[in-house]
Amino acid sequence: MYSEVYGSTIFGLHSYVVRVEVDISSGLPCFEMSGLLTSEVREAKERVRIAIKNSGYELKPQRIVLNYSPANIKKSGTGLDLPSAVCILQAFNYIKDISLSDIMFIGELSFDGSIRKVKGGLPSVIKAKCAGFKKVIIPYENASECFVVRGIEIFVAKNLKDVVLFLNEENNLERAEEVAKINEIKNKASLDFSDICGQSLVVNAASVAVAGFHNFLMIGPPGSGKSMIAKRLKTIMPNLSEEESLYITSIYSIAGLIGENEGLLKERPYRSPGQNISESAMLGGGNNPRPGEVTLASKGVLFLDELTQYKSNVLEALRQPLEDRCVTVSRVSYSMKFNADFMLVGAMNPCKCGYYPDREKCNCSDIDISKYFGKLSTPFLDRFDITVRTKALNLNDFENKETISSNTLKERVLVAMQIQKERFKNKNYLFNSFMQASDIEEFCKLSKENMKLMEDLFIKNELTARGYHKILKVARTIADLEERKEISKKHLVRALMYRKCINV
Amino acid sequence: MYDEIIYDIWFSALEKISLRKKNLLINQFLSSKNIYNYLFNKNSFINSNINQKIIEYLDKITVSKDLSFANLIYKKAVKNKINIVSYTSKNYPSKLRNLEDAPILLFFRGSLPKEEEVCVGIVGARSCSEYGSYVSYNIAKDLARYKISTISGLAVGIDTYAHRGTNDMNEKTYAVLGCGVDICYPSVNINLYNKIPLNGGIISEFFPQTTPKPYNFPMRNRIIAGLCDILIVVEAKEKSGSLITADMALEMGKEIYVVPGRITDPLSVGCNSLINQGANIYQGINSILENVNISLKNEESSTKEVGIKGEILKFLTESKKDIEEIIHTLKYSEEEIYLTILELIRENKVKEISQNIYAKF
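These notes cover the structure that comes with them. Bear in mind the structure is a predicted one, so any value in this text is a computation, not a measurement. (Residues numbered from 1 in each chain as written. Chains lettered and ligands numbered in written order. Predicted model: local features only at pLDDT ≥ 70, side-chain atom pairs only at ≥ 80, totals over all residues. Heavy atoms only, no water.)

Along the backbone of chain A there are 22 helices and 19 strands. Counting every position in chain A, which comprises 504 residues, the buried fraction comes to 53%. At a minimum sequence separation of 6, the contacts of chain A that also span at least 24 residues come to 72%. As presented, chain A carries roughly 22,900 Å² of accessible surface, and 48% of it is formed by carbon and sulfur atoms. (Helix = DSSP H or I, 4+ residues; strand = E, 2+ residues; numbered from the N terminus. Buried < 20%, exposed > 50% of the residue type's maximum accessible area, 1.4 Å probe, protein only. Contact = heavy atoms within 4.5 Å. Areas by Shrake-Rupley, 256 points an atom, 1.4 Å probe, with all protein chains shown as cover.)

Here you go:
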């Protein structure tokens, strides 16, 4: 007896359709599986058998062989339990002998026959729709992330028996839209930029960074607000567009980071990995390709606090993703390209003790300082488009309540975003920082006077070609924030001020 | 058989006799060779009416007769181009003879200050402020314009800027070390260490290869105090080595000038307290020149900066400032200020010492 059923597996960031076939024949009773499986899938042997038994279906001892094709893709994850069980049950005639080739089955099985949540639900459903399946059956707990996909009927099932009855047309399964419960994500902590006293230079710089998606570095003494500001960047970042949201939610689904009853992610990601992070955790990889921090931070912020404490190989490894907006992970068995278009935000002290150049507190000599900065190579520091200094607060700043709220900043950012969206409508990116040389030519025209200023700086060896382009991009964002079409001298000079200091 | 200098080295190296006693001995015996002869070669000893007590003292002590060590030192010094001058030599700086514990030997590279040469000692804190470094550098430069040499200790901070100021004007500066002349301490000043002997000199009373131990430095400070005509203290914390140098100089009758500072600045506490005790206030090169009786030549009129440049420079004279403060305080637009700062940096008048923080160079 033979039967075939469809399921899916995740490899890297992509979902693949898997055809599960079973052959039942006489011979010594056994249960074999083939098709390049990881041990997670192999363990399905016990889960499937016992789930079937406990759902009330008896399997006569026969030779059961399962095959998962295509046999050259490594199959991992537990979502293949359900299709395997359905396949076997159909071969044993517990399910009607009809073609199940337009349904995809996804789910992990427990011993009692109940169907459990899987990782990568959303991308699997998206793939099912793209591959032409009409229906897909998913675990109940994956409903909230998957129900948004249109063009395919999404059913949820709580246990194996319900699925069998549904396929025999003896009962109905609920639809995902009906059961999806999205918990309103409570605003966890009411973080706001108005918590920051003074520091208008840094706050403005932060809004420029967010508006144009520029990489942003803060240098300052301990306790001057670097981490505070970084945490509040989320509050002024615009929400994800629907397309971006599907993309990001897929990635998070694969990484298993979608919470209970959490639907499509609306807020931009914010990742702040610890200083001990390894290179593969940062970039992704491993035996089974998994997304790293840089991919999880796509379209959002990757915040590295205490930059000098990170391992230098990890920081150097960031150069490719910063340059190409993607990361290629190569291993013996595969080579995979992950997206990594994140905004890098860094924070560090100006010297080992943290207080340079305040001579009352800092005794570091010039050598100590260059040693401290030496941990970060110049090309790496070059990747930051905007570098600003945070100041230690004194009593005046606390009393002088010159603060600005996140809402105000967000409004300005949204305006700038709208302008950029319009500008790049024919391109496949949304922000000024992604501009290529040809775009800079087109969109960042300077007046004669300003051209002369830039040439001047260029000739006096204070600018490289990359530096020149960076400044123009930042100046363009500053002009956008003020809703100006032309880049004025003021904008240009502001952008110049955001250059990193060459002496350290 | 041996040169005088070998006996001087032998005498200087004797450990059981204190420096003061050595001074007394050499003043009485008139040469180290004579002392050696008295002890080991009575036939060649020249009696010049020596005090009885001293004779008794010498009769009691036992010292080594061996001259080979001294010979070795001498040969090594010659090989490494280190000059040696002894207390009895006519080339020995006479100002140092005023000390009760004057060094018997001076090792040096380059040259020693001449008799008629006017020398000003400049000392101060190692962790000096930008203001201190600016002042130290410029005092040395101003002095150099009047061909006045400087003396300091090659230490990090004020000393370094003083040496640099004189050196940059190609005038003579002398560095007195707390270690052997062949050791560059601190090692970061290797450039200065190499350049100074071209005009002035590196001086030390310690034998070559002597490492910089903490107790060497007060000894070295007395040499600075002794060699200078005037001592300037630029910045000093409440308990500072520079204050000790000032005390020594005062005892030797030298004039002390002090650069005053802000009362909230810990680096000025020492200086301000010296003023309280009667030291002179340094307010510019004229204060010194009057004291040294040098006629005021036409000063190089330093081009006073006007307009926005001048205002920025003036604002930065007090202390380093970050860009926000500058923009906030001065009444010019952001662009004007920043572009002017860029220009001033190009002209080497301003430096960006840390991200967005500027100081006068």
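Time to look at the environment of Asp-81 of chain A. Residues and elements named next belong to chain A. Relative to the elements of secondary structure, Asp-81 occurs in helix H3 (residues 81-91). On a C-alpha basis, the gap between Asp-81 and Ser-110 in space is 9.2 Å, while along the polypeptide they are 29 residues apart. If we ignore the near neighbours within four places in the chain, the residues touching Asp-81 are Ala-44, Arg-47, Val-48, Gly-107, Glu-108 and Leu-109.

Here the focus is the pattern of salt bridges. On inspection of all chains with the given rule, the structure shows 33 salt bridges over all chains. Between Arg-19 of chain A and Glu-4 of chain A there is a salt bridge, with the nearest N and O atoms lying 3.7 Å from each other. Placement of the pair is Arg-19 of chain A in strand S2 (residues 14-25) and Glu-4 of chain A in strand S1 (residues 2-11), with a sequence separation of 15 residues. Residue Arg-19 of chain A is classed as partly exposed on the basis of its relative accessible area of 29%. Judged by its relative accessible area of 24%, Glu-4 of chain A falls in the partly exposed class. For Lys-147 of chain B, the salt bridge is made with Glu-171 of chain B, and the minimal N-O distance between the two is 3.4 Å. Here Glu-171 of chain B lies in the loop between helix H7 (158-168) and strand S5 (173-176) and Lys-147 of chain B lies in the loop between helix H6 (130-145) and strand S4 (149-152), a separation of 24 residues in the sequence. Residue Lys-147 of chain B is classed as exposed on the basis of its relative accessible area, which comes to 57%. Overall, Glu-171 of chain B belongs to the buried group, its relative accessible area being 15%. (Salt bridge = Lys/Arg side-chain N within 4 Å of Asp/Glu carboxyl O.)

Accessible area lost upon the coming together of the parts is a frequently used measure of interface size. Tallying the contact residues gives 31 residues for chain A and 25 residues for chain B. For the pair chain A and chain B, the two sides together bury roughly 2,500 Å², of which 57% comes from carbon and sulfur. Our enumeration of links across chain A and chain B arrives at three salt bridges. For Glu-334 of chain B, the salt bridge is made with Arg-494 of chain A, and the minimal N-O distance between the two is 3.0 Å. (Buried area = accessible area lost by both parts, 1.4 Å probe.)

A separate point is the packing of helix H20 (residues 448-459) of chain A against helix H21 (residues 465-481) of chain A. Residue and element names in this part refer to chain A. Closest axis-to-axis distance for the H20/H21 pair is 11 Å, and the angle between their directions is 150 degrees. Relative to H21, the element H20 lies roughly antiparallel. Between H20 and H21 the crossing geometry is right-handed. On H21, the residues that touch Met-451, Met-454 and Phe-458 of H20 are Ala-465, Tyr-468 and Ile-471. Taken together, the residues of the contact of H20 with H21 break down into six nonpolar, no polar and no charged. (Axes fitted to C-alpha atoms, helices over the stretch in contact; angles between N-to-C directions. Parallel < 35°, antiparallel > 145°, perpendicular 65-115°, else oblique. Left-handed = near helix turned anticlockwise from the far one by under 90°. Nonpolar A, V, L, I, M, F, W, Y, C, P; charged D, E, K, R; others polar.)

Nothing here speaks to function; it is geometry throughout.
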